[in-house]
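Topology and contacts: notes
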Amino acid sequence: MADPSSYRPRPGEIPDSPGVYRFRDEHRRVIYVGKAKSLRQRLANYFQDLANLHPRTRTMVTTAASVEWTVVSTEVEALQLEYSWIKEYDPRFNVKYRDDKSYPYLAVTMNEEFPRVQVMRGHKKKGVRYFGPYGHAWAIRDTVDLLLRVFPVRTCSAGVFKNAARTGRPCLLGYIGKCSAPCVERISAEDHRELAEEFCDFMAGRTGTYLRRLERKMGEAAEDMEYERAARLRDDIGALRKAMEKSAVVLADATDADLIAVAEDELEAAVQIFHVRGGRVRGQRGWVTDKVEEISTGALVEHALQQLYGEETGDAVPKEVLVPALPDPVEPVQEWLTDRRGSGVSLRIPQRGDKKALMETVQRNAQQALVLHKTKRASDLTTRSRALEEIADALDLDSAPLRIECYDISHLQGDDVVASMVVFEDGLARRSEYRRFQIKGFRGQDDVRSMHEVITRRFRRYLAEKERTGEWADGEDSGEGTPRADGRPGTDPGATPGSLAAPRAETDSGHQPVPGHTATSGHDAAPSQEAASGHEAASGQEAAPGRQTAPGHEAADDLALTDGPALKDEDGRPKRFAYPPQLVVVDGGQPQVAAAQRALDELGIDDIAVCGLAKRLEEVWLPREDDPVVLPRTSEGLYLLQRVRDEAHRFAITYQRTKRAKRFRSSPLDDVPGLGETRKQALIKHFGSVKKLRSATIDQICEVPGIGRKTAETVAVALARSAPATPAVNTATGEIMDDEDGAPETTEDAPGEPVSAGTPDERRGQER
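Residues numbered from 1 in each chain as written. Predicted model: local features only at pLDDT ≥ 70, side-chain atom pairs only at ≥ 80, totals over all residues. Heavy atoms only, no water.

1. Brief notes about the overall build of the protein chain
A tally of helices and strands in the protein chain yields 20 helices and 24 strands. Looking at the protein chain as a whole, 46% of its 768 residues are labelled buried. Relative to all contacts within the protein chain whose residues are 6 or more apart in sequence, the contacts with residues 24 or more apart total 64%. Accessible area for the protein chain stands at about 38500 Å²; split by element, carbon and sulfur atoms hold 49% of it. (Helix = DSSP H or I, 4+ residues; strand = E, 2+ residues; numbered from the N terminus. Buried < 20%, exposed > 50% of the residue type's maximum accessible area, 1.4 Å probe, protein only. Contact = heavy atoms within 4.5 Å. Areas by Shrake-Rupley, 256 points an atom, 1.4 Å probe, with all protein chains shown as cover.)

2. Description of the sheet that holds strand β4 (residues 105-108)
Spatially, β5-β4-β6 is the arrangement adopted by the 3 strands of the open sheet, whose pairing is antiparallel. Two strands bound the open sheet, and with one partner strand each, they are β5 (117-120) and β6 (129-131). Taking each pair of neighbouring strands and ignoring which way they run, the sheet shows an average axis angle of 30 degrees. Pairing of β4 with β5, which is carried by 4 bridges, proceeds in the antiparallel orientation. Across the sheet, residue valine 108 finds its bridge partner in β5, namely valine 117. Along the sheet face, helix α7 (residues 189-203) touches β4, β5 and β6 and points at about 150 degrees away from the line of β4. (Pairing = 2+ DSSP bridges. Axes fitted to C-alpha atoms, helices over the stretch in contact; angles between N-to-C directions.)

3. What to know about the packing of aromatic side chains
Considering all chains together, one arrives at 13 aromatic pairs under this definition. With centroids separated by 6.3 Å and ring planes inclined at 55 degrees, the aromatic side chains of tryptophan 85 and tyrosine 89 adopt a geometry described as tilted. Taken together, the residues span about one helical turn, with tryptophan 85 and tyrosine 89 both in helix α3 (residues 75-89) at a distance of 4 residues. Tyrosine 89 matches tryptophan 85 in its accessibility class, with the two residues each being buried. Judged by centre distance (6.2 Å) and plane angle (90 degrees), the ring pair of phenylalanine 151 and phenylalanine 199 falls under edge-to-face. In this pair, phenylalanine 151 is assigned in the loop between α4 (137-147) and α5 (158-167) and phenylalanine 199 in helix α7, connecting sequence segments 48 residues apart. (Phe/Tyr/Trp six-rings, centres within 6.5 Å; stacked < 30°, edge-to-face > 60°.)

4. Notes on the nonpolar core
Side chains of a nonpolar character, in soluble globular proteins, are inclined to be buried together. Judged by nonpolar contacts, the single largest core of 27 residues is most densely connected at Tyr407, Ile455, Phe459, Val584 and Ile605. Among the elements of the structure, β12 (403-412), β13 (415-425), α13 (447-468), β19 (583-587) and α14 (590-602) are those that each provide at least two residues to this core. Per element, the largest residue contribution to this core is 6 residues, and it comes from α13. Among residues more than four places away in sequence, those in contact with isoleucine 455 are Tyr407, Val584, Ala596, Ala599 and Leu600. Among the nonpolar cores identified, the runner-up in size contains 25 residues, and Ile260, Val301, Tyr309 and Trp336 belong to it. (Core = buried A, V, L, I, M, F, W, Y, C linked by side-chain atoms within 4.5 Å.)

5. Describing the confidence of the model for the protein chain
Of all residues in the protein chain, 75% attain a pLDDT of 70 or more, and the chain-wide mean is 75. Per-element averaging of pLDDT across the protein chain places strand β18 (residues 559-563) at the bottom with 35 and β19 at the top with 92. Contacts for the low-pLDDT stretch residues 473-517, under 50 throughout, to residues beyond four places or in other chains number 81 contacts. For residues 523-574, every residue scores under 50 in pLDDT, and the model assigns this stretch 127 contacts once sequence neighbours within four places are set aside. (pLDDT = per-residue confidence, 0-100.)

6. Observations concerning a negative patch on the surface
Judged by side-chain charge, Glu113, Glu190, Asp191, Glu194 and Glu197 come together as a negatively charged surface patch. Considering the arrangement of structural elements, one finds glutamate 194 in helix α7. On the accessibility criterion, glutamate 194 (43% relative accessible area) is partly exposed. (Patch = residues over 30% accessible without salt bridge, like charges linked within 9 Å, V, L, I, M, F, W, Y side chains within 5 Å. Salt bridge = Lys/Arg side-chain N within 4 Å of Asp/Glu carboxyl O. Lys, Arg positive; Asp, Glu negative; His and termini not counted. Charge placed at Lys NZ, Arg CZ, Asp CG, Glu CD.)

7. What about the pattern of salt bridges?
Within this structure, the stated rule accounts for 28 salt bridges. Residue glutamate 82 is joined to lysine 35 by a salt bridge in which the shortest nitrogen-to-oxygen separation is 3.7 Å. One end of the pair, glutamate 82, is in helix α3; the other, lysine 35, is in strand β2 (residues 30-36), and 47 residues separate them in sequence. According to the relative accessible area criterion, lysine 35 is partly exposed, its value standing at 22%. Its salt-bridge partner being arginine 234, residue aspartate 235 comes within 3.3 Å of it at the nearest N-O pair. Linked by salt bridges that have partners in common, Arg403, Glu405, Glu425, Arg430, Glu433 and Arg458 make up one network.

8. Some thoughts on the packing of helix α10 (residues 297-309) against helix α11 (residues 331-341)
Close contact between α10 and α11 brings their axes to 12 Å; oriented N to C, the two are set at 10 degrees. As judged from the angle between their axes, α10 and α11 are roughly parallel. Touching Glu302, Leu305, Gln306 and Tyr309 of α10 are Val333, Trp336, Leu337 and Arg340, all from α11. In the contact of α10 with α11, the residues fall into 5 nonpolar, 1 polar and 2 charged. (Parallel < 35°, antiparallel > 145°, perpendicular 65-115°, else oblique. Nonpolar A, V, L, I, M, F, W, Y, C, P; charged D, E, K, R; others polar.)

9. Comments concerning the sheet that holds strand β11 (residues 346-348)
Read across the open sheet, the 5 strands follow the order β9-β8-β7-β10-β11; overall the sheet is mixed. This sheet does not close on itself; its edge strands, each paired only once, are β9 (280-290) and β11. Put simply, the sheet's adjacent strands are angled 15 degrees from each other on average, direction ignored. With 3 bridges joining them, strand β7 (residues 257-264) and strand β10 (residues 320-322) adopt parallel strand pairing. Residue alanine 257 lies in a different strand from β10, and its bridge partner there is glutamate 320.

10. Details of a nonpolar patch on the surface
Together, Leu172, Tyr175 and Ile176 make up a nonpolar patch on the protein surface, roughly 360 Å² of accessible area in all. Among the structural elements, leucine 172 can be located in helix α6 (residues 172-175). According to the relative accessible area criterion, leucine 172 is exposed, its value standing at 61%.

11. Topic: the pairing of β12
Within β12, 10 of the 10 residues are buried, which leaves the element mostly enclosed by the surrounding structure. Burial along β12 is two-sided: Arg403, Glu405, Tyr407, Ile409 and His411 and Ile404, Cys406, Asp408, Ser410 and Leu412, pointing in opposite directions, are all buried. Relative to β13, β12 runs antiparallel, the two being bridged by 9 bridges. Paired with glutamate 405 across the strands is valine 423, a residue of β13. The turn linking β12 back onto β13 is made up of 2 residues, and glutamine 413 within it adopts a positive phi angle of 50 degrees. The sheet contact formed by β12 and β19 spans 4 bridges and is parallel. Residue pairing in the sheet places cysteine 406 in a bridge with valine 585 of β19.

Here is the structure:
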């Protein structure tokens, strides 16, 4: 626990200007972001007597090890920068609303040639019109099913659309009149887009025009004695009115507004939002947050507005936003909303009439949401706390292991050996911290040696991060530095608590602070160069499904871990191996546990507990113990260890299967630099196989469209290097694979019996 006076800026260093400030912990991770009209006055409040601070604020300033600030020109710029930093750094002491990305929206893909109506979740895409959010996806489908009678817009996927266009036959909806069938050119692209725009207009609340038009057409059809057509129009009108009844009129003046209500207690707050368009409630959503700082209702509203409109522009920001309390000051927030919309936005508290009555309804929803959340969380939190306490008691730990890392090794008969690292914090999986390893120290099947290598690589990086950030003195072989006089890990003896990591705005020497300039106070910032230790570096991003990767790099369904130098994290972004666990769990028994403990001992780490969970009897093994610890079968602690172990196994075997599948699909052309997928396909299409391409001359390769002489020479050299020394053998049939295409060729010299590949269950059993 740090003393705030140790990193308090010197008098006169902090400018009296608008800006945004960041508190960092001893690992250089950003733990709090705030904005201020006057940085000097705001930051001074954090460095008063600790007894006068709110308990959560006191915890924050004692956790922090440095503070830095960035000066901006206006309060609106400060609001925008604060929002950007909170999204980027995810500070633990800032108010964070539970994300609502799981809410379904009714989306119309106006960015496609033939717009499609569908249910969409997740991040909003450019060129797509969204309506909602809705509480349930079935509510969207019911509404769309009614509206397709009147607006028969395409709803099929791209694959179904292309198949229908290829066969010349529409899908079932095209036959029953609920799709205009643009796939078979029953309607032109222009007319179909106009139909989609009418659908969007109706969903946006402009319903009267279409109802009156249909009623007029129905009357004309009846006058012309086209009674069947009139009946269809009557049913269309009924469908539209039924769809409208699903969202009752709540504001008679056809107002477009968002109503935000907040229910809170001392620890948590719930936010509910009603989206009203054309006087009707078109969507609803809610968030719950922990109040990790002393915060007013107006400040909660401000954070909700940032979350709600931070990524929105244009009509997605309504003309009117009704709130229970106004932010202080309200002018920058209102100006920011106006900038997002592009026209005036009214931010106010409803005082009377229908809007106040509707706000009371939203408030009741927020109160019920808070009560429901606290009921669920009390049960879940109690269970997780009991599980962590049981683990601490069983393993004789000093405290509950709030961060647990689990490691598993996976391979198929010694091939494609990989390892996984999963992280659980407070008993919950933290997927952003997952890591994957490729075993490189040796070849073959040796789980114990693999575990030793993985643990060594992971914690060598941890020690390097500690040394790089100054927690340990540079130049110590063991990684342990000399403690400072104040008890903190050693740094440069000449460093002072007020030393700067970057050029500071010189306010005490007569120079004016420059807008956008960043200044820091506290421990010295980490040097720009990375400490290169080990070979693993995480990508930090989830590999998108279907994303193309360069040859030799894998993409999987979780966070990738590839080889290469460590990337940037000078600015407080989560570091890959900087945070140690309280408990290391390995998937295995006594040998794997001994290997993990030996790796930690060799690195001089003695403050991290190690245990292993054996699959057969679910026994917990400890280092240097001959007998395992047996937890009761009904123990919550055992359940948690099993979940951690099973998650590590899933993560490892998924990565191993991905690597294996990629290896099977690899081609010698993958190693040719500068040769993309299109030109590879062109080469194979021209020559028919890699074997024929390998035997072709450079002049023959140049005949392929798009292949120049330099590329042809590169291809020829690469294929010559990759030529197999001996013919490949199909182990399932015993046949000679004479051609890279996979065409078997049986020879007289190899008429032996086929080798069985085994049953699927037997093959799965060979995977570890």
